[in-house]
Amino acid sequence: MHKLVFATNNRHKLDEVAAKIDGKIELLTLNDIGCYDDIEETGTTFKQNASIKSQFIYKKYNLDCFGDDSGLEIDALNGQPGVYSARYAGEHGNHAANIKKVLDNLEGETNRKARFRTVISLIWNGEEHFFDGTVEGTIRTAPSGSDGFGYDPIFEPDGYNITFAEMSMDAKNQISHRAKAMELLVNFLSTR
Ligand code: ITT
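These notes cover the structure that comes with them. (Residues numbered from 1 in each chain as written. Predicted model: local features only at pLDDT ≥ 70, side-chain atom pairs only at ≥ 80, totals over all residues. Heavy atoms only, no water.)

Concerning the sheet that holds strand β2 (residues 25-28)
Spatially, the six strands line up as an open sheet ordered β2-β1-β3-β4-β5-β6, and their pairing is mixed. Edge positions in the sheet fall to β2 and β6 (155-157), since each of these pairs with one other strand and no more. Each strand axis lies, on average, 35° off the axis of its neighbour in the sheet, ignoring direction. As defined by bridge partners, strand β3 (residues 65-74) adjoins strand β4 (residues 113-124) across ten bridges and the pair is classed as antiparallel. Bridged to Ser70 within β4 is Thr118. Helix α2 (residues 46-61) rests against β1 (2-6), β3, β4 and β5 (127-139) of the sheet, and its axis sits at about 165° to β3. (Pairing = 2+ DSSP bridges. Helix = DSSP H or I, 4+ residues; strand = E, 2+ residues; numbered from the N terminus. Axes fitted to C-alpha atoms, helices over the stretch in contact; angles between N-to-C directions. Contact = heavy atoms within 4.5 Å.)

Right, dumping it as structure tokens:
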């Protein structure tokens, strides 16, 4: 069976993909291959960071692999927080502080347009392929809702009048940036 490493330790993300590909591919996590390296995301774009992860695994283990990177791009902030989404306010993963910083920086701003983006880098038979998923929306002036994570309480996807944090996980997974990029990846793999 063709082995494929998902450069993540997030079991939830892995299960999502595993559920969608048939038995022709054996999906492995970083733990499965004994990789405990801290792969530093030093890129300035999602594409670079996704590529850093997949290339690292490919070079070290000579296994096909894919990695992803995601974040929020806000037009009035010239695309920030972008690749710095997880640590926008300093501390990695402090979502409340990150949200506060976004709202402070957008104080009085009328252009609230933003998008979530995911880029996946896949190395398949040694060749690199990219898959990109986005969801357009606007940034609220105050948080609303308690589901999801990250910037979900301030992100209202276009065509809805609720935030990602007010949607069920299933509903969000129908339209999210990550789901769209993963779908392109899964379609690619199912034709191999
Ligand atoms: P890793 O360790 O796997 O990198 P992470 O939380 O950094 O975990 P991502 O690269 O997917 O995961 O996302 C980076 C940040 O972008 C994340 O911490 C959030 O702040 C934000 N983000 C990404 N996807 C999001 C989503 O669906 N809803 C809300 N915020 C999201």
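Don't stop here, the text continues.
What about the packing of aromatic side chains?
Within this structure, the stated rule accounts for five aromatic pairs. Note on Phe116 and Phe155: the rings are 4.6 Å apart at their centroids and 55° apart in plane angle, and the pair reads as tilted. You can see Phe116 sitting in strand β4 and its partner Phe155 sitting in strand β6, a full 39 residues away along the chain. The residues Phe116 and Phe155 share a single accessibility class, namely buried. Ring-pair connections join several aromatic residues into one group, and the members of that group are Phe116, Phe155 and Phe164. Across from the ring centre of Tyr88, 4.4 Å away, lies the NZ or CZ of Lys101, which sits over that ring. (Phe/Tyr/Trp six-rings, centres within 6.5 Å; stacked < 30°, edge-to-face > 60°. Buried < 20%, exposed > 50% of the residue type's maximum accessible area, 1.4 Å probe, protein only. Lys NZ or Arg CZ within 6 Å of the ring centre and 35° of its normal.)

Side note on helix α3 (residues 95-105)
Every buried residue of α3 is accounted for by Asn98, Ile99, Val102 and Leu103. The buried residues of α3 occupy an angular sector of 130° when the element is viewed end-on, so they sit on one face. Turned more than 90 degrees off the buried face of α3, the exposed positions are Ala96 and Lys100. In this structure, the buried residues of α3 make contact with β3 and β5. (Arc of directions from axis to C-beta.)

Notes on helix α5 (residues 177-190)
Under the 1.5 Å per step criterion, the end-to-end length of α5 is 20 Å for 14 residues, consistent within 8% with the ideal 20 Å. For α5, the set of buried residues is His177, Arg178, Ala179, Ala181, Met182, Leu185, Val186, Phe188 and Leu189. (Expected span 1.5 Å × (residues − 1).)

A look at the environment of Gly126
As for its placement among the helices and strands, Gly126 is situated in the loop between β4 and β5. Placed 88 residues apart in sequence, Gly126 and Asp38 show a C-alpha to C-alpha distance of 23 Å. The contact partners of Gly126, leaving out residues within four places of it in the chain, are Tyr58 and Asp64.

Quick word on the side chain of Arg112
By the secondary structure assignment, Arg112 is in the loop between α3 and β4. It is Glu109 that comes nearest to the buried, bridge-free Arg112 among opposite-charge side chains, at 7.1 Å. A distance of 3.2 Å separates a polar side-chain atom of Arg112 from the backbone oxygen of Glu109. Those residues within four positions of Arg112 in sequence are excluded, and the remaining contacts are Leu103, Leu106, Gly137, Thr138, Ile139, Arg140 and Thr141. (Lys, Arg positive; Asp, Glu negative; His and termini not counted. Salt bridge = Lys/Arg side-chain N within 4 Å of Asp/Glu carboxyl O. Polar contact = N/O pair within 3.5 Å; in protein donor to acceptor, adjacent residues only side chain to side chain.)

Topic: the site of the ligand
In the neighbourhood of the ligand, 16 residues make up the surrounding shell, with Phe149, Asp152, Lys172, His177 and Arg178 lying closest. The contact in question runs from a nitrogen atom of the ligand to an N or O atom on the side chain of Asp152, over 2.6 Å. Here Arg178 contributes a side-chain N or O atom positioned 2.8 Å from a nitrogen atom of the ligand. Expressed as a share of its isolated accessible area of 590 Å², the protein-covered part of the ligand is 82%. Secondary structure elements with two or more residues in the shell around the ligand: β3 and α5. With three residues, β3 is the largest single contributor of residues to the shell around the ligand. (Near = heavy atom within 4 Å. Areas by Shrake-Rupley, 256 points an atom, 1.4 Å probe, with all protein chains shown as cover.)

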